[in-house]
Amino acid sequence: MGLIDLLKKIEPDKKKSPFLHTLFDGFFTFAYTPDTVTKGGVHMRDGMDLKRLMVHVVLAMQLCYLFGTYNIGHQHFLAAGMYPGFIEGFHLKLAHGLIQMLPIFVVAHVVGLGIEFWFAAKKGHAIEEGFLVSGALIPLIMPPDIPLWILAVSVAFAVIIGKEAFGGTGMNIWNIALLSRVFVFFAYPTTIAGDEVWVSGYTTLAEGTQATYGWAHSLFNSLFGSLDMDTFDAAKTSIADGYSGATPLALAYQGGWEKVTETFTPAQMWWGTIPGSIGESSKPLIIVGALMLIFTKVASWRIIVSMFIGGMVMAMLMNVWGATPFMEVPWYYQMYMGSFLFAMAFMATDPVTASSTNTGKWIYGFLIGFIGMIVRVLNPAYPEGWMLAILFMNTFSPLIDHYVIEANISKRLKSA
Amino acid sequence: MKLVKGRLTVILSLLFFSQFSFAQSGGNNNYLLISLVAVGVVILVFAILSLADNLMHIEGKKAGIDSKKTNIGIFPRISDFFAKKAPNYVVDGAGYYPTTKGHNLKLAGKPTGDIKTIHTNRYALKPTDFNGISPIPKVVVEVGSEVKAGDPLFYDKKRPEIMYCAPVSGEVVEVKRGAKRAIAEIIILADKEISYREYEVPNLEKVDRQELKSFLTKSGVWPMLNQRPFDIVASIDEDPRDIFISTFNTAPLALDSNLVIAGNENAFQKGCDVLNALTDGSVYLGLDARGDAPSKGFSDVTGVKKNYFSGKHPVGNVGVQMHHVNPIKGNDKVWSVGLQDVITIGKLFLEGKFDASRLVSLGGSQVSTPSVIRTYQGASIGDLVEGNLSDEKNRIIAGDVYTGKESTTENFIGYKDDQLTVIKEGDKYEAFGWLLPITPRPSISGTFPNFLFPDFEFEGETNTHGEKRAFVVTGQYESVLPMDIYPQHLMKAILAGDFEKMEGLGINELSEEDIALCEFVCTSKMPLQKILRDGLEMMREQA
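For every chain, the first residue of the written sequence is number 1, and numbering continues from 1 onward in sequence order. Each chain gets a letter, beginning with A, and each ligand a number, beginning with 1, in the order they are written. Totals for whole chains, interfaces and linings use all residues, but because this is a predicted model, local features are given only for residues with pLDDT of at least 70 and pairs of side-chain atoms are given and counted only at 80 or more.

1. A look at the overall build of chain B
Okay, so step 1: Across its full length, chain B holds 14 helices and 21 strands.
Okay, so step 2: In terms of its C-alpha atoms, chain B occupies a principal-axis envelope of roughly 100 × 70 × 45 Å.
Okay, so step 3: Across the 543 residues in chain B, those meeting the buried criterion constitute 45%.
Okay, so step 4: When contacts within chain B are restricted to residue pairs at least 6 apart in sequence, long-range pairs at least 24 apart make up 67% of them. Comment: elements are numbered from the N terminus, with helices defined as DSSP H or I runs of at least four residues and strands as E runs of at least two. Here exposure depends only on C-beta density: within 10 Å of a residue's C-beta, 20 or more other C-beta atoms make it buried, 12 or fewer make it exposed, and intermediate numbers make it partly exposed, the C-beta atoms being placed from the backbone. Any residue pair is listed as a contact if its two C-beta atoms, each placed from the backbone, are within 7 Å.

This is the structure in structure tokens:
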């Protein structure tokens, strides 16, 4: 217990320096579970606490992180027509992915956690763990080349306006991660829309453009050079002929499933070697994460199942209707494209912003799937709907709960 | 009419949408038309069937058949396929209620072996054991005076008829006061051989209810009658709608009620008869259908309505049983009586003495030889556990780990306690304990590998395993409460002081013991029992 004594000795005073004390408390309770015992009420407590809950969501995302990071590099080299095999040029793809990914991750956490710490110190309570998950989600739903200042502004907006203004963790109405993305979407539309943004390294995808590399790449260059491996210098070619960088959804909007399969095979879309937001692409890895969340009872299986049903029902209805080529995309292939599964596993299941009653969860999930598919297919400006559908249903989830609760109340009063 | 309208809308809207598809999809009209017709036929058939079903229900109601319990419609109910079959000892006419929600916490230190008899030196009666009486009741004895078992010790100034009586005979040695001069304990130095106060027991067949009530209030057994809502000592002015008795306890390390009933079958029957004379409604007995058939002492009782329950904790709680059998509605007043209390009431009428003897189970990981002890109400904890505890820092709990009171060896067991649990104090830091705990810990969460070891007995410790947070997780409380109640919304209504919502969400059906398991599983470490008690007190002041 020597370390504990040392740590206790350097604990800053709560009154003199509240911010430092909050910071210390945050990290101390991270390293050590406190020695508090039950007082009044139950004498034993379940081993589950908010930290453990949140960290399990983060753990469930780790496969998406690994794949997403590598896929940034993979797509980058595909655009140049180099290393078309998935594991060809492994070191270069991984290095490029890390160079893009790490700053995004660090900036999202420094900004978000910084704000969270500051508010906790101001309010005089312990740091709550909400941002552990939001901070891990935000990098996964951003385009790989997002300017860091835009990311910082969007995270700050989401945490301050979306969460702290409502009273902190557990009080927010909208999903924090999605709020930051929707901020980017509406405030800086060019950074998150169009074909160019989903492939890292090529600011515009005009033919003949060359990727430009920075100091981090030169560091890796010297490392790889000394090991007699390929370097980024060899990769400084212009973009391949006919490469557009369009995502499957953009293609589907233009010409339906046929147009999509001209560029991508279903297997590619399933395994995720396609351009898109960093974490959304690989379907099996997302399913593994979702199963982990369901199995550990961290996420509500009701929302996951009902959202899947809702999305599929709407896709089938559109198949029947079939007014546009996009509508005629077979309903089971809708799942292969875009971020349907990612939103289902990690976004819709946020317990704070979802409906809180079990009946409400079925309705909530179903409507997200239903509305999201409408937005995806029938929206000319932006071919993906989950962000807007989830935020929309976040807004309505208290209303759904209200009616479920009122039904319970009137049942009780009626039988009286 | 509403139904027809709804169906018309569906058909019309389908037709409406089909126009679009005709216009836009061109080719496969036939396929669409056929499927529409097929859907129409299915709806029609379903409409006819459901009409017939409704008519049968109406006929059934006219004939006086309870549609909740017997299926009289055309459609089989989902429960007909999936419902658990009642065990064969559930007799005809008795209800059977299988529940699925809840959680069984298995703790080490289950009492075994023969019943030990421990007559402790001192006993105490504690006004704090009773909800809703004034903190400074009128004490009618003085320090030094001799009392017999059944002699009154104090009464509540608001309800002076109800006497709170001595469990044993002896000398009153101390009236201990707590915070704000509230009376905490009235301590009796017990006689070796207990002498009982003599009563003139009324004849149950002839006595009228008012006389019976006044006898019960004077003889010391009245405080054993609990009234819901609010879980307080029953009021004299109002008759209860029904009286409920749960004959089994599902809490961790709870006392085996078969031990309690053995030899007391007649007293239990008599007690039930007395309770029957107090209500125009029924006396309901909740029996254990989790395993083997319950003791004959319970299943052969006459004059009561029997209901069998199976499932996990808290299905043994009387509140849960009330909710399933006949829930508290509107201004209903319902009583519940503990198992050993019924026997005490029965003995009062059979033997003419106030016999407050109690079986108490002593269990938990810190007890060297867990056992069942025969003693009296309010026995001294120090004497009960002497030489039987490990040397570590212990938490002695008068009651079970969910609802018991934190106690020391200086304290006494409570009026209604039939259990003493001793577990480890968990006041230790643990490195990354939230992520990689080194000791096994009970949890309903799937993040612990507990499901691999269903029979593992946990040691149990009092660490909170985390800090208090705002409500984040939803659906967790509902998963361990086998009642049609939304606990989280109820708690929020209490915190907001919204009386109408509190009542609507069923606060009147609950007491702390029902919500205790929700508090145990709470990820945000909320003090739910305290919130609920605050809410109940608010409701009571309003009423």
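2. Some remarks on the sheet that holds strand β10 (residues 225-228) of chain B
All names here are of chain B.
Okay, so step 1: We call two strands paired when DSSP finds no fewer than two bridges between them. Across the sheet, which stays open at both edges, the seven strands sit in the order β1-β14-β13-β12-β15-β10-β11 with mixed pairing between neighbours. Because the sheet does not close on itself, it has two edges, and the strands there are β1 (95-98) and β11 (232-233).
Okay, so step 2: Bridging between β10 and β11 involves two bridges; their strand directions are antiparallel. Considered in β11, the bridge of Gln227 is made with Ile232.
Okay, so step 3: On top of the sheet, helix α8 (residues 318-325) reaches β1, β12 (243-246), β13 (283-288), β14 (305-310) and β15 (334-337); it is set at about 125° to β12, its chief contact. Axis definition: a line fit to C-alpha positions, over the contact stretch in the case of helices; interaxial angles, taken between N-to-C directions, run 0 to 180 degrees.

3. Considering the interface of chain A and chain B
Okay, so step 1: Of the residues lining the interface, 52 residues belong to chain A; the matching set on chain B comes to 64 residues.
Okay, so step 2: Breaking the side of chain A that touches chain B down by element, the ones donating at least two residues are α2 (18-31), β1 (32-33), α3 (50-60), α13 (301-321) and α17 (386-414) of chain A.
Okay, so step 3: Considering every element that reaches the side of chain A that touches chain B, the biggest residue donor is α3(A), with six residues.
Okay, so step 4: Only Asp, Glu, Lys and Arg are considered charged in this grouping, and only Ala, Val, Leu, Ile, Met, Phe, Trp, Tyr, Cys and Pro are considered nonpolar; every other residue, Gly among them, is considered polar. For the side of chain A that touches chain B, a count of residues per class yields 23 nonpolar, 20 polar and nine charged.
Okay, so step 5: In this sheet, strand β21 (residues 430-431) of chain B lies alongside β1(A) in antiparallel orientation, the contact comprising two bridges. Each bridged residue has a counterpart across the sheet, and for A:Thr33 the counterpart in β21(B) is B:Glu430.

4. Here's the deal with the packing of helix α8 (residues 176-187) of chain A against α17(A)
Residue and element names in this part refer to chain A.
Okay, so step 1: One way to put it is that α8 packs onto α17 with a least axis distance of 10 Å and a crossing angle of 125°. When the axis of α8 is compared with that of α17, the two are oblique. With respect to the hand of their crossing, α8 and α17 are arranged in left-handed fashion. For the pair α8 and α17, contact is made by Leu178, Arg181 and Val182 and by Met387, Ile390 and Leu391, respectively.
Okay, so step 2: Grouping the amino acids of the contact of α8 with α17 by side-chain chemistry returns five nonpolar, no polar and one charged. Convention used here: angles under 35 degrees read as roughly parallel, angles over 145 as roughly antiparallel, angles from 65 to 115 as roughly perpendicular, and any remaining angle as oblique. Whether a crossing is left-handed or right-handed is set by the direction in which the near helix is turned from the far one by less than a right angle, anticlockwise for left-handed and clockwise for right-handed.

5. Considerations on the packing of helix α6 (residues 130-140) of chain A against α8(A)
All names here are of chain A.
Okay, so step 1: Interhelical geometry of α6 versus α8 gives an angle of 40° and a closest axis separation of 8 Å. Judged by the twist between their axes, the crossing of α6 over α8 is right-handed. Residues Ser134, Leu137 and Ile138 of α6 form the contact with α8, whose participating residues are Ile176, Ala177 and Ser180.
Okay, so step 2: Tallied by class, the residues present in the contact of α6 with α8 amount to four nonpolar, two polar and no charged.

6. Topic: the domain arrangement of chain A
When the parts of a complex come together, some accessible area is lost, and that lost area is often used as the size of the interface.
All names here are of chain A.
Okay, so step 1: Boundaries between domains were set according to an automatic or database domain assignment. Partitioning chain A into structural domains gives domain 1 (15-29 + 49-245) and domain 2 (294-416).
Okay, so step 2: Between domain 1 and domain 2, the C-alpha centre-to-centre distance is 26 Å.
Okay, so step 3: Contacts between the two partners involve 15 residues from domain 1 and, on the opposite side, 13 residues from domain 2.
Okay, so step 4: For the side of domain 1 that touches domain 2, the secondary-structure elements that each account for two or more residues are α3 and α8.
Okay, so step 5: Ranked by residue count, the leading element in the side of domain 1 that touches domain 2 is α8, at four residues.
Okay, so step 6: Here the residues of the side of domain 1 that touches domain 2 sort into 10 nonpolar, four polar and one charged.

7. What about the pairing of β14(B)?
Okay, so step 1: Bridge count for β1(B) against β14(B) is four bridges, and the pairing is parallel. Its bridge partner lying in β14(B), B:Tyr97 is registered against B:Phe309.

8. What about the nonpolar core?
Okay, so step 1: Only buried Ala, Val, Leu, Ile, Met, Phe, Trp, Tyr and Cys residues enter a nonpolar core, and they are joined through C-beta atoms within 7 Å. Grouped together as the largest cluster of nonpolar side chains are 214 residues, with contacts concentrated most on A:Ile390 and B:Leu420.
Okay, so step 2: Not counting residues up to four positions away in its chain, the partners in contact with B:Leu420 are B:Val360, B:Leu362, B:Ile381, B:Leu384, B:Val385, B:Ile396, B:Ala398 and B:Ile413.
Okay, so step 3: Core analysis: the next-biggest nonpolar cluster, separate from the first, contains 17 residues, A:Phe77, A:Leu92, A:Ala211 and A:Phe220 among them.

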